[in-house]
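Summary of structural features
Listed below, chain by chain, are the residues.
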Amino acid sequence: FLAIFFRFQTMQASKHSVVRGAHLSSRTTISTAFRSRCAPRRPSIAQGRRVVSTHAMFGLKKSSLAFLTVAKNTPHPEKVAKGGEDAWFIRVDAKGGGAFGVADGVGGYDEFGVDSGLFSKRLMQLAAEKEQTQSSSPDPKGIMEYAHRQTILPGACTACIVQLQGSKMYAANLGDSGFIVIRNGDKALATEPLQHFFDCPYQLNNSDTAPTDNAEDATMIEMELQEGDIIVAGSDGLFDNVFQDDIISIATSTIADSLKAGKSPLEANEAVAEELAALAYQHSQDLKYPSPYAIECNKDEAAMKQAQTEKLKQGGIFGKALGGVMNAVQTPTVVGGKLDDITVLVSTVVAPGSNKAALEGAAAAAAAGLEPVMAQLASGMRILQEKETKSATPIITRKKLVRSGQAKIEGAGITVADIENMDKATIQKMLMKYDLPTSGSMQKLKDRLAKAIS
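Cut-offs and rules
- Residues numbered from 1 in each chain as written.
- Predicted model: local features only at pLDDT ≥ 70, side-chain atom pairs only at ≥ 80, totals over all residues.
- Heavy atoms only, no water.
- Helix = DSSP H or I, 4+ residues; strand = E, 2+ residues; numbered from the N terminus.
- Areas by Shrake-Rupley, 256 points an atom, 1.4 Å probe, with all protein chains shown as cover.
- Buried < 20%, exposed > 50% of the residue type's maximum accessible area, 1.4 Å probe, protein only.
- Core = buried A, V, L, I, M, F, W, Y, C linked by side-chain atoms within 4.5 Å.
- Contact = heavy atoms within 4.5 Å.
- Expected span 1.5 Å × (residues − 1).
- Phe/Tyr/Trp six-rings, centres within 6.5 Å; stacked < 30°, edge-to-face > 60°.
- Salt bridge = Lys/Arg side-chain N within 4 Å of Asp/Glu carboxyl O.
- Pairing = 2+ DSSP bridges.
- Axes fitted to C-alpha atoms, helices over the stretch in contact; angles between N-to-C directions.
- Parallel < 35°, antiparallel > 145°, perpendicular 65-115°, else oblique.
- Left-handed = near helix turned anticlockwise from the far one by under 90°.
- Nonpolar A, V, L, I, M, F, W, Y, C, P; charged D, E, K, R; others polar.

**Re the overall build of the protein chain**
When you go through the protein chain residue by residue, the secondary structure sums to 15 helices and 15 strands. A total accessible area of about 18,700 Å² is found for the protein chain, and carbon and sulfur atoms account for 53% of it.

Written out as C-alpha coordinates, the structure reads:
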(Lines give C-alpha, C1' and ligand atoms only; values in the text may rest on other atoms or scores of the structure.)
Protein backbone atom coordinates (compact mmCIF):
# COMPACT_ATOMS: atom_id res chain seq x y z
CA PHE A 1 0.00 0.00 0.00
CA LEU A 2 2.97 2.36 0.42
CA ALA A 3 3.21 2.75 -3.32
CA ILE A 4 -0.28 4.21 -3.27
CA PHE A 5 0.80 6.77 -0.66
CA PHE A 6 3.12 8.43 -3.12
CA ARG A 7 0.67 8.88 -5.96
CA PHE A 8 -0.29 12.29 -4.60
CA GLN A 9 3.14 13.62 -5.56
CA THR A 10 2.21 13.51 -9.24
CA MET A 11 -1.05 15.41 -8.81
CA GLN A 12 -1.27 19.02 -9.94
CA ALA A 13 -2.80 21.59 -7.59
CA SER A 14 -5.70 23.74 -8.76
CA LYS A 15 -4.96 27.46 -8.69
CA HIS A 16 -8.07 27.95 -6.58
CA SER A 17 -7.50 25.13 -4.05
CA VAL A 18 -5.06 24.61 -1.22
CA VAL A 19 -4.37 22.24 1.64
CA ARG A 20 -2.43 24.01 4.33
CA GLY A 21 -0.28 23.05 7.28
CA ALA A 22 1.13 25.41 9.87
CA HIS A 23 4.21 27.43 10.80
CA LEU A 24 3.81 29.03 14.27
CA SER A 25 3.78 27.70 17.84
CA SER A 26 1.68 27.27 20.98
CA ARG A 27 1.66 25.22 24.16
CA THR A 28 -0.75 23.82 26.72
CA THR A 29 -1.43 24.26 30.40
CA ILE A 30 -3.61 21.32 31.40
CA SER A 31 -3.93 17.59 30.87
CA THR A 32 -2.08 16.32 27.83
CA ALA A 33 -3.53 12.88 28.52
CA PHE A 34 -6.87 14.08 27.21
CA ARG A 35 -7.64 15.32 23.74
CA SER A 36 -10.37 17.91 24.27
CA ARG A 37 -13.19 17.75 21.80
CA CYS A 38 -16.20 19.44 23.36
CA ALA A 39 -16.23 23.10 24.37
CA PRO A 40 -19.51 24.70 25.53
CA ARG A 41 -20.53 26.50 22.37
CA ARG A 42 -24.27 27.12 22.81
CA PRO A 43 -24.97 25.41 19.47
CA SER A 44 -27.99 26.27 17.40
CA ILE A 45 -28.20 22.90 15.67
CA ALA A 46 -28.64 19.39 16.98
CA GLN A 47 -26.25 16.47 16.80
CA GLY A 48 -26.89 13.46 14.61
CA ARG A 49 -27.65 12.62 11.04
CA ARG A 50 -30.39 15.16 10.46
CA VAL A 51 -30.39 17.98 7.91
CA VAL A 52 -30.87 21.49 9.24
CA SER A 53 -32.61 23.42 6.48
CA THR A 54 -35.72 25.35 5.50
CA HIS A 55 -35.03 24.95 1.78
CA ALA A 56 -34.90 22.00 -0.61
CA MET A 57 -31.69 21.30 -2.52
CA PHE A 58 -31.67 22.62 -6.08
CA GLY A 59 -29.55 21.89 -9.13
CA LEU A 60 -26.38 23.64 -10.20
CA LYS A 61 -26.67 27.36 -10.85
CA LYS A 62 -24.41 30.37 -11.14
CA SER A 63 -23.34 31.68 -7.74
CA SER A 64 -24.63 35.10 -6.80
CA LEU A 65 -22.36 35.25 -3.73
CA ALA A 66 -18.78 34.19 -3.00
CA PHE A 67 -16.66 33.05 -0.07
CA LEU A 68 -13.68 35.35 0.62
CA THR A 69 -11.65 33.02 2.84
CA VAL A 70 -8.30 33.19 4.65
CA ALA A 71 -6.63 30.92 7.20
CA LYS A 72 -4.22 31.13 10.12
CA ASN A 73 -2.64 28.21 11.95
CA THR A 74 -0.54 27.79 15.09
CA PRO A 75 0.73 24.24 15.67
CA HIS A 76 1.42 22.49 18.95
CA PRO A 77 4.94 23.54 20.07
CA GLU A 78 6.18 19.97 19.96
CA LYS A 79 4.85 19.51 16.42
CA VAL A 80 6.09 22.66 14.71
CA ALA A 81 8.69 20.83 12.62
CA LYS A 82 6.05 18.68 10.92
CA GLY A 83 3.51 21.51 10.66
CA GLY A 84 1.16 20.24 13.36
CA GLU A 85 -1.69 17.79 12.87
CA ASP A 86 -4.38 20.21 11.68
CA ALA A 87 -5.03 20.69 7.96
CA TRP A 88 -7.40 22.66 5.78
CA PHE A 89 -8.22 23.62 2.22
CA ILE A 90 -9.61 26.79 0.64
CA ARG A 91 -11.17 27.38 -2.77
CA VAL A 92 -11.83 30.99 -3.69
CA ASP A 93 -13.46 31.78 -7.04
CA ALA A 94 -13.76 35.33 -8.36
CA LYS A 95 -16.85 34.25 -10.33
CA GLY A 96 -18.70 33.22 -7.18
CA GLY A 97 -19.20 30.27 -4.87
CA GLY A 98 -16.24 28.75 -3.08
CA ALA A 99 -15.49 26.16 -0.44
CA PHE A 100 -13.27 25.41 2.52
CA GLY A 101 -12.61 22.61 4.98
CA VAL A 102 -10.70 21.89 8.17
CA ALA A 103 -9.51 18.61 9.72
CA ASP A 104 -7.87 17.88 13.06
CA GLY A 105 -5.53 14.88 13.27
CA VAL A 106 -5.92 12.61 16.32
CA GLY A 107 -2.84 13.13 18.48
CA GLY A 108 -3.28 9.83 20.33
CA TYR A 109 -1.73 8.01 17.39
CA ASP A 110 1.65 9.39 18.46
CA GLU A 111 1.85 6.49 20.92
CA PHE A 112 1.98 4.11 17.95
CA GLY A 113 4.54 6.17 16.07
CA VAL A 114 1.88 7.40 13.66
CA ASP A 115 1.63 11.01 12.48
CA SER A 116 -2.08 11.80 12.14
CA GLY A 117 -1.07 15.07 10.54
CA LEU A 118 -0.35 13.10 7.37
CA PHE A 119 -3.82 11.60 7.50
CA SER A 120 -5.55 14.97 7.95
CA LYS A 121 -3.44 16.71 5.28
CA ARG A 122 -4.00 13.94 2.77
CA LEU A 123 -7.73 13.86 3.50
CA MET A 124 -8.02 17.63 3.01
CA GLN A 125 -5.97 17.44 -0.19
CA LEU A 126 -8.30 14.82 -1.61
CA ALA A 127 -11.36 16.79 -0.48
CA ALA A 128 -10.04 19.90 -2.24
CA GLU A 129 -9.43 18.00 -5.47
CA LYS A 130 -12.86 16.37 -5.38
CA GLU A 131 -14.61 19.64 -4.57
CA GLN A 132 -12.85 21.47 -7.38
CA THR A 133 -13.90 18.90 -9.99
CA GLN A 134 -17.43 18.34 -8.70
CA SER A 135 -19.95 18.96 -11.50
CA SER A 136 -23.19 18.21 -9.65
CA SER A 137 -24.97 20.06 -6.87
CA PRO A 138 -22.92 20.68 -3.70
CA ASP A 139 -22.33 17.50 -1.73
CA PRO A 140 -19.96 18.06 1.22
CA LYS A 141 -20.85 14.71 2.76
CA GLY A 142 -20.06 12.95 -0.53
CA ILE A 143 -16.73 14.80 -0.72
CA MET A 144 -15.92 13.75 2.85
CA GLU A 145 -16.82 10.14 2.06
CA TYR A 146 -14.63 10.12 -1.05
CA ALA A 147 -11.64 11.67 0.73
CA HIS A 148 -12.00 9.25 3.65
CA ARG A 149 -12.15 6.22 1.35
CA GLN A 150 -9.11 7.35 -0.63
CA THR A 151 -6.92 8.26 2.38
CA ILE A 152 -4.98 5.00 2.64
CA LEU A 153 -2.85 5.93 5.64
CA PRO A 154 -2.72 5.05 9.33
CA GLY A 155 -4.20 7.77 11.49
CA ALA A 156 -7.48 9.59 12.05
CA CYS A 157 -9.03 13.05 12.04
CA THR A 158 -12.20 15.03 12.48
CA ALA A 159 -13.51 16.87 9.40
CA CYS A 160 -15.67 19.81 8.40
CA ILE A 161 -16.41 20.77 4.77
CA VAL A 162 -18.38 23.85 3.65
CA GLN A 163 -19.56 24.80 0.13
CA LEU A 164 -21.41 27.80 -1.31
CA GLN A 165 -23.64 27.76 -4.37
CA GLY A 166 -25.87 30.68 -5.31
CA SER A 167 -26.69 32.15 -1.93
CA LYS A 168 -26.88 28.84 -0.11
CA MET A 169 -24.33 27.18 2.15
CA TYR A 170 -23.99 23.40 2.33
CA ALA A 171 -21.85 21.88 5.09
CA ALA A 172 -20.98 18.51 6.62
CA ASN A 173 -19.38 18.34 10.06
CA LEU A 174 -17.98 15.25 11.78
CA GLY A 175 -16.33 15.58 15.19
CA ASP A 176 -15.55 18.83 16.92
CA SER A 177 -14.02 21.04 14.32
CA GLY A 178 -16.76 23.39 13.16
CA PHE A 179 -17.87 26.94 12.44
CA ILE A 180 -20.02 29.89 13.50
CA VAL A 181 -22.10 32.01 11.11
CA ILE A 182 -22.25 35.65 12.23
CA ARG A 183 -24.89 38.04 10.89
CA ASN A 184 -25.19 41.68 11.93
CA GLY A 185 -23.03 41.06 14.99
CA ASP A 186 -25.07 38.11 16.24
CA LYS A 187 -24.77 34.34 16.01
CA ALA A 188 -26.97 33.03 13.21
CA LEU A 189 -25.81 29.41 13.47
CA ALA A 190 -23.09 27.35 15.13
CA THR A 191 -22.12 23.72 14.74
CA GLU A 192 -22.28 21.36 17.67
CA PRO A 193 -19.50 18.82 18.28
CA LEU A 194 -20.30 15.17 17.61
CA GLN A 195 -18.67 12.95 20.23
CA HIS A 196 -19.01 9.45 21.64
CA PHE A 197 -18.11 10.76 25.10
CA PHE A 198 -15.98 13.55 26.54
CA ASP A 199 -12.66 13.88 24.70
CA CYS A 200 -13.66 11.27 22.14
CA PRO A 201 -15.11 12.96 19.04
CA TYR A 202 -16.47 11.24 15.99
CA GLN A 203 -13.50 10.74 13.68
CA LEU A 204 -12.49 9.27 10.36
CA ASN A 205 -10.02 6.41 10.80
CA ASN A 206 -8.39 4.07 8.34
CA SER A 207 -10.88 1.20 8.62
CA ASP A 208 -8.08 -1.32 8.03
CA THR A 209 -6.33 -0.27 11.22
CA ALA A 210 -9.05 0.81 13.66
CA PRO A 211 -12.81 1.15 14.13
CA THR A 212 -14.07 4.24 12.35
CA ASP A 213 -16.96 6.64 12.11
CA ASN A 214 -18.01 7.56 8.60
CA ALA A 215 -19.10 10.56 6.57
CA GLU A 216 -22.66 9.22 6.84
CA ASP A 217 -22.48 10.07 10.56
CA ALA A 218 -21.75 13.74 9.85
CA THR A 219 -24.27 16.47 10.59
CA MET A 220 -25.54 18.09 7.38
CA ILE A 221 -26.28 21.81 7.43
CA GLU A 222 -27.96 23.96 4.78
CA MET A 223 -28.49 27.69 5.19
CA GLU A 224 -29.32 30.71 3.06
CA LEU A 225 -26.53 33.27 3.41
CA GLN A 226 -26.54 37.03 2.94
CA GLU A 227 -23.88 39.43 1.74
CA GLY A 228 -21.93 40.58 4.78
CA ASP A 229 -22.26 37.31 6.73
CA ILE A 230 -19.06 36.22 8.47
CA ILE A 231 -18.12 32.57 8.95
CA VAL A 232 -15.42 31.66 11.45
CA ALA A 233 -14.36 28.02 11.19
CA GLY A 234 -11.62 26.15 12.97
CA SER A 235 -10.31 23.14 14.80
CA ASP A 236 -11.08 22.66 18.48
CA GLY A 237 -7.82 24.43 19.30
CA LEU A 238 -9.79 27.62 18.64
CA PHE A 239 -13.09 26.68 20.27
CA ASP A 240 -11.51 25.12 23.38
CA ASN A 241 -9.66 28.34 24.13
CA VAL A 242 -11.97 31.13 22.94
CA PHE A 243 -15.66 31.49 23.80
CA GLN A 244 -18.20 31.97 21.05
CA ASP A 245 -19.19 35.42 22.27
CA ASP A 246 -15.57 36.56 22.03
CA ILE A 247 -15.21 35.08 18.54
CA ILE A 248 -18.32 36.92 17.39
CA SER A 249 -17.28 40.21 18.98
CA ILE A 250 -13.73 40.12 17.62
CA ALA A 251 -14.76 39.12 14.10
CA THR A 252 -17.46 41.79 13.87
CA SER A 253 -15.48 44.67 15.35
CA THR A 254 -12.16 43.87 13.66
CA ILE A 255 -13.69 43.73 10.19
CA ALA A 256 -15.61 46.96 10.76
CA ASP A 257 -12.54 48.76 12.12
CA SER A 258 -10.30 47.46 9.34
CA LEU A 259 -12.64 48.56 6.57
CA LYS A 260 -13.11 51.93 8.24
CA ALA A 261 -9.33 52.33 8.30
CA GLY A 262 -9.20 51.82 4.53
CA LYS A 263 -8.05 48.20 4.48
CA SER A 264 -9.32 45.81 1.84
CA PRO A 265 -11.85 43.05 2.64
CA LEU A 266 -9.02 40.52 2.30
CA GLU A 267 -6.85 42.40 4.79
CA ALA A 268 -9.81 42.70 7.17
CA ASN A 269 -10.32 38.93 7.16
CA GLU A 270 -6.62 38.34 7.68
CA ALA A 271 -6.70 40.68 10.69
CA VAL A 272 -9.53 38.65 12.24
CA ALA A 273 -7.76 35.34 11.68
CA GLU A 274 -4.54 36.71 13.18
CA GLU A 275 -6.31 38.13 16.23
CA LEU A 276 -8.34 35.01 16.97
CA ALA A 277 -5.33 32.71 16.57
CA ALA A 278 -3.29 34.98 18.84
CA LEU A 279 -6.02 35.02 21.49
CA ALA A 280 -6.39 31.23 21.41
CA TYR A 281 -2.61 30.96 21.76
CA GLN A 282 -2.61 33.40 24.69
CA HIS A 283 -5.37 31.53 26.50
CA SER A 284 -3.65 28.19 25.92
CA GLN A 285 -0.70 29.62 27.89
CA ASP A 286 -2.81 30.90 30.80
CA LEU A 287 -2.86 28.55 33.80
CA LYS A 288 -5.71 30.46 35.43
CA TYR A 289 -7.94 31.20 32.46
CA PRO A 290 -11.39 29.53 32.85
CA SER A 291 -11.35 28.24 29.29
CA PRO A 292 -14.25 26.57 27.46
CA TYR A 293 -12.29 23.33 27.67
CA ALA A 294 -11.78 23.64 31.43
CA ILE A 295 -15.46 24.34 31.99
CA GLU A 296 -16.48 21.29 29.98
CA CYS A 297 -13.79 19.17 31.62
CA ASN A 298 -15.21 20.00 35.05
CA LYS A 299 -18.54 18.52 33.97
CA ASP A 300 -16.86 15.13 33.54
CA GLU A 301 -15.60 13.73 36.85
CA ALA A 302 -13.13 11.27 35.34
CA ALA A 303 -11.69 13.93 33.05
CA MET A 304 -11.39 16.38 35.93
CA LYS A 305 -9.46 13.90 38.08
CA GLN A 306 -7.11 13.08 35.21
CA ALA A 307 -6.47 16.76 34.52
CA GLN A 308 -5.76 17.39 38.20
CA THR A 309 -3.26 14.54 38.23
CA GLU A 310 -1.45 16.05 35.25
CA LYS A 311 -1.37 19.46 36.93
CA LEU A 312 0.17 17.93 40.08
CA LYS A 313 2.96 16.41 37.98
CA GLN A 314 3.90 19.93 36.90
CA GLY A 315 4.55 20.88 40.54
CA GLY A 316 7.81 18.99 40.86
CA ILE A 317 8.81 17.41 44.22
CA PHE A 318 8.70 18.30 47.92
CA GLY A 319 7.33 21.84 48.42
CA LYS A 320 5.99 22.24 44.89
CA ALA A 321 4.27 18.88 44.97
CA LEU A 322 2.80 19.54 48.41
CA GLY A 323 1.60 22.96 47.30
CA GLY A 324 0.02 21.38 44.22
CA VAL A 325 -1.73 18.77 46.33
CA MET A 326 -3.07 21.40 48.73
CA ASN A 327 -4.23 23.53 45.82
CA ALA A 328 -6.04 20.53 44.28
CA VAL A 329 -7.72 19.78 47.59
CA GLN A 330 -8.80 23.37 48.13
CA THR A 331 -9.79 24.02 44.51
CA PRO A 332 -11.21 20.80 43.02
CA THR A 333 -11.88 22.36 39.63
CA VAL A 334 -9.73 22.43 36.52
CA VAL A 335 -8.65 25.78 35.11
CA GLY A 336 -6.35 26.83 32.31
CA GLY A 337 -6.19 26.82 28.54
CA LYS A 338 -5.80 23.74 26.36
CA LEU A 339 -2.69 22.77 24.42
CA ASP A 340 -3.48 21.94 20.81
CA ASP A 341 -2.95 22.88 17.22
CA ILE A 342 -4.96 26.04 16.52
CA THR A 343 -6.52 26.60 13.11
CA VAL A 344 -8.73 29.57 12.23
CA LEU A 345 -10.51 30.16 8.91
CA VAL A 346 -12.35 33.44 8.36
CA SER A 347 -14.71 33.74 5.41
CA THR A 348 -16.90 36.69 4.51
CA VAL A 349 -19.81 36.37 2.11
CA VAL A 350 -19.37 38.94 -0.66
CA ALA A 351 -20.77 39.89 -4.06
CA PRO A 352 -18.30 38.64 -6.71
CA GLY A 353 -18.60 41.58 -9.09
CA SER A 354 -17.62 44.31 -6.63
CA ASN A 355 -14.92 42.24 -4.88
CA LYS A 356 -13.06 40.74 -7.82
CA ALA A 357 -9.64 42.01 -6.74
CA ALA A 358 -10.04 40.77 -3.16
CA LEU A 359 -11.23 37.36 -4.35
CA GLU A 360 -8.36 37.02 -6.78
CA GLY A 361 -5.94 38.00 -4.02
CA ALA A 362 -7.41 35.41 -1.65
CA ALA A 363 -7.20 32.72 -4.35
CA ALA A 364 -3.54 33.56 -4.97
CA ALA A 365 -2.76 33.51 -1.25
CA ALA A 366 -4.43 30.11 -0.90
CA ALA A 367 -2.53 28.65 -3.85
CA ALA A 368 0.77 30.00 -2.48
CA GLY A 369 0.33 27.92 0.66
CA LEU A 370 0.14 24.62 -1.18
CA GLU A 371 3.83 24.10 -1.96
CA PRO A 372 5.17 23.87 1.63
CA VAL A 373 2.36 21.52 2.61
CA MET A 374 3.13 19.21 -0.28
CA ALA A 375 6.70 19.20 0.99
CA GLN A 376 5.49 18.29 4.49
CA LEU A 377 3.44 15.44 3.07
CA ALA A 378 6.34 14.14 0.99
CA SER A 379 8.70 14.31 3.96
CA GLY A 380 6.20 12.59 6.24
CA MET A 381 5.60 9.84 3.70
CA ARG A 382 9.33 9.16 3.45
CA ILE A 383 9.59 8.88 7.22
CA LEU A 384 6.59 6.53 7.32
CA GLN A 385 8.10 4.36 4.61
CA GLU A 386 11.37 4.13 6.54
CA LYS A 387 9.53 3.10 9.72
CA GLU A 388 7.54 0.45 7.89
CA THR A 389 10.69 -0.90 6.23
CA LYS A 390 12.63 -1.17 9.50
CA SER A 391 9.80 -2.54 11.64
CA ALA A 392 9.49 -6.31 11.91
CA THR A 393 5.78 -5.80 12.56
CA PRO A 394 4.61 -2.73 10.65
CA ILE A 395 2.35 -0.21 12.36
CA ILE A 396 -0.80 -1.24 10.53
CA THR A 397 -0.19 -4.96 11.02
CA ARG A 398 0.57 -4.45 14.72
CA LYS A 399 -2.67 -2.55 15.21
CA LYS A 400 -4.63 -5.32 13.47
CA LEU A 401 -3.06 -7.90 15.81
CA VAL A 402 -4.06 -5.91 18.89
CA ARG A 403 -7.62 -5.60 17.65
CA SER A 404 -7.85 -9.33 16.88
CA GLY A 405 -6.41 -10.32 20.26
CA GLN A 406 -3.29 -11.88 18.71
CA ALA A 407 -1.11 -9.21 20.33
CA LYS A 408 -1.43 -7.75 23.80
CA ILE A 409 -1.61 -4.15 24.94
CA GLU A 410 1.77 -3.25 26.37
CA GLY A 411 2.20 -0.99 29.36
CA ALA A 412 -1.48 -0.79 30.21
CA GLY A 413 -0.61 -1.07 33.91
CA ILE A 414 -3.99 -2.44 34.91
CA THR A 415 -5.37 -5.75 36.13
CA VAL A 416 -8.64 -7.56 35.60
CA ALA A 417 -9.62 -6.51 39.12
CA ASP A 418 -9.02 -2.88 38.16
CA ILE A 419 -11.30 -3.28 35.15
CA GLU A 420 -14.13 -4.55 37.35
CA ASN A 421 -14.03 -1.30 39.31
CA MET A 422 -13.97 0.98 36.25
CA ASP A 423 -16.98 2.85 34.95
CA LYS A 424 -18.06 2.52 31.32
CA ALA A 425 -16.57 5.84 30.17
CA THR A 426 -13.12 4.93 31.56
CA ILE A 427 -13.16 1.52 29.87
CA GLN A 428 -14.23 3.08 26.58
CA LYS A 429 -11.45 5.64 26.77
CA MET A 430 -8.87 2.92 27.32
CA LEU A 431 -10.27 0.81 24.48
CA MET A 432 -10.24 3.84 22.18
CA LYS A 433 -6.67 4.60 23.19
CA TYR A 434 -5.64 1.20 21.84
CA ASP A 435 -7.95 1.33 18.83
CA LEU A 436 -10.31 -1.35 20.12
CA PRO A 437 -14.09 -1.18 19.54
CA THR A 438 -15.97 0.84 22.16
CA SER A 439 -19.52 -0.31 21.47
CA GLY A 440 -21.45 -3.03 23.27
CA SER A 441 -22.70 -3.83 26.74
CA MET A 442 -20.71 -3.05 29.87
CA GLN A 443 -19.75 -6.72 30.26
CA LYS A 444 -18.59 -6.96 26.64
CA LEU A 445 -16.41 -3.89 27.12
CA LYS A 446 -14.87 -5.35 30.27
CA ASP A 447 -14.23 -8.69 28.57
CA ARG A 448 -12.68 -6.95 25.55
CA LEU A 449 -10.25 -4.94 27.69
CA ALA A 450 -9.43 -7.91 29.94
CA LYS A 451 -8.57 -10.01 26.89
CA ALA A 452 -6.28 -7.30 25.56
CA ILE A 453 -4.23 -7.03 28.76
CA SER A 454 -4.12 -10.73 29.62
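Having seen it, we continue.
**Overview of unusual backbone geometry**
Leaving glycine aside, a negative phi is the common case for residues, and trans is the common case for peptide bonds. The phi torsion at N184 lies on the positive side, around 55°, for a residue other than glycine. Within the fold, N184 resides in the loop between β8 (178-183) and β9 (186-190). Looking at N184, the relative accessible area reads 73%, which means it is exposed.

**Here we look at the nonpolar core**
Formed by 56 residues in total, the largest nonpolar core has its most connected members in F67, M169, F179, L225, V232, L238 and V344. Sorting elements by how many residues they give to this core places helix α6 (residues 265-285) first, with eight residues. Excluding anything up to four places from it in sequence, V232 contacts G178, F179, I180, I182, L238, F239, I247, A251, L276, V344 and L345. In this structure, L123, L126, C157 and A159 belong to the second largest nonpolar core, which totals 31 residues.

**Points about helix α5 (residues 244-260)**
For the α-helix, the turn length of 3.6 residues means that residues three or four positions removed from each other point alike. Look at α5: 24 Å from first C-alpha to last across 17 residues, which is about the 24 Å you get at 1.5 Å a residue. Listing the buried residues of α5 in full gives Q244, I247, I248, I250, A251, T254, I255 and S258. Packing partners of the buried residues in α5 comprise β8, β9, β14 (230-234), α4 (236-239), α6 and β15 (342-350).

**A word on the packing of aromatic side chains**
Under the criterion given, the structure shown has two aromatic pairs. Taking 5.3 Å as the distance between ring centres and 50° as the angle between the ring planes, the aromatic pair formed by F67 and F100 counts as tilted. With F67 in strand β3 (residues 66-74) and F100 in strand β5 (residues 98-105), this residue pair connects regions lying 33 residues apart in the sequence. Both residues of the pair, F67 and F100, belong to the buried class. Between F243 and Y289, the aromatic rings sit 6.3 Å apart at their centres with planes inclined by 65°, giving edge-to-face as the arrangement.

**Overview of the pattern of salt bridges**
Inspection of the entire model under this criterion finds 14 salt bridges. Note that E85 and K79 form a salt bridge whose closest N and O atoms lie 2.9 Å from each other. Between D93 and R91 there is a salt bridge, with its nearest N and O atoms 3.8 Å apart. Looking at D93, the relative accessible area reads 18%, which means it is buried.

**What about the sheet that holds β3?**
Strand order in the open sheet formed by five strands is β3-β15-β14-β8-β9, and the pairing between neighbours is antiparallel. Here the strands that pair on one side only, and so sit at the sheet edges, are β3 and β9. Averaged over neighbouring strand pairs, the angle between their axes works out to 20° when direction is ignored. Relative to β15, β3 is paired through nine bridges, and the arrangement is antiparallel. By the bridge assignment, T74 is partnered in β15 with I342. Against the sheet, α5 makes contact with β8, β9, β14 and β15, and its axis sits at roughly 50° relative to β8, the strand it touches most. Against the sheet, α6 touches β3, β14 and β15, its axis set at about 30° to β3.

**Here we look at the packing of helix α2 (residues 116-133) against helix α3 (residues 140-150)**
Each packed pair of helices is defined by two parameters, the angle between the axes and the distance between the axes. At their nearest, the axes of α2 and α3 sit 8 Å apart, and the two run at 130° to each other. Here α2 lies oblique to α3, going by the angle between them. Both α2 and α3 take part in a crossing whose hand is right-handed. Together, F119, L123, L126, A127, K130 and E131 of α2 and I143, Y146, A147, H148 and Q150 of α3 make up the contact between the two elements. Looking at side-chain class alone, the contact of α2 with α3 contains seven nonpolar, two polar and two charged residues.

**A closer look at the environment of K141**
Note on placement: K141 falls in helix α3. What makes K141 buried here is its relative accessible area of 15%. Here the alpha-carbon distance between K141 and I161, two residues 20 residues apart in the chain, equals 7.8 Å.

**A short note on the pairing of strand β7 (residues 168-174)**
Counting buried positions along β7 yields seven of seven residues, so the element is predominantly enclosed. Neither face of β7 is open: one carries K168, Y170, A172 and L174, the other M169, A171 and N173, and all of them are buried. Looking at chain direction, strand β6 (residues 156-165) and β7 are connected through seven bridges and run antiparallel. When the bridges of β7 are listed, C160 appears paired with N173. The antiparallel hairpin formed by β6 and β7 contains two residues in its connecting segment, where G166 sits at a positive phi of about 65°. Bridging between β7 and strand β13 (residues 219-224) involves six bridges; their strand directions are antiparallel. Of the residues in β13, the one forming a bridge with A171 is I221.

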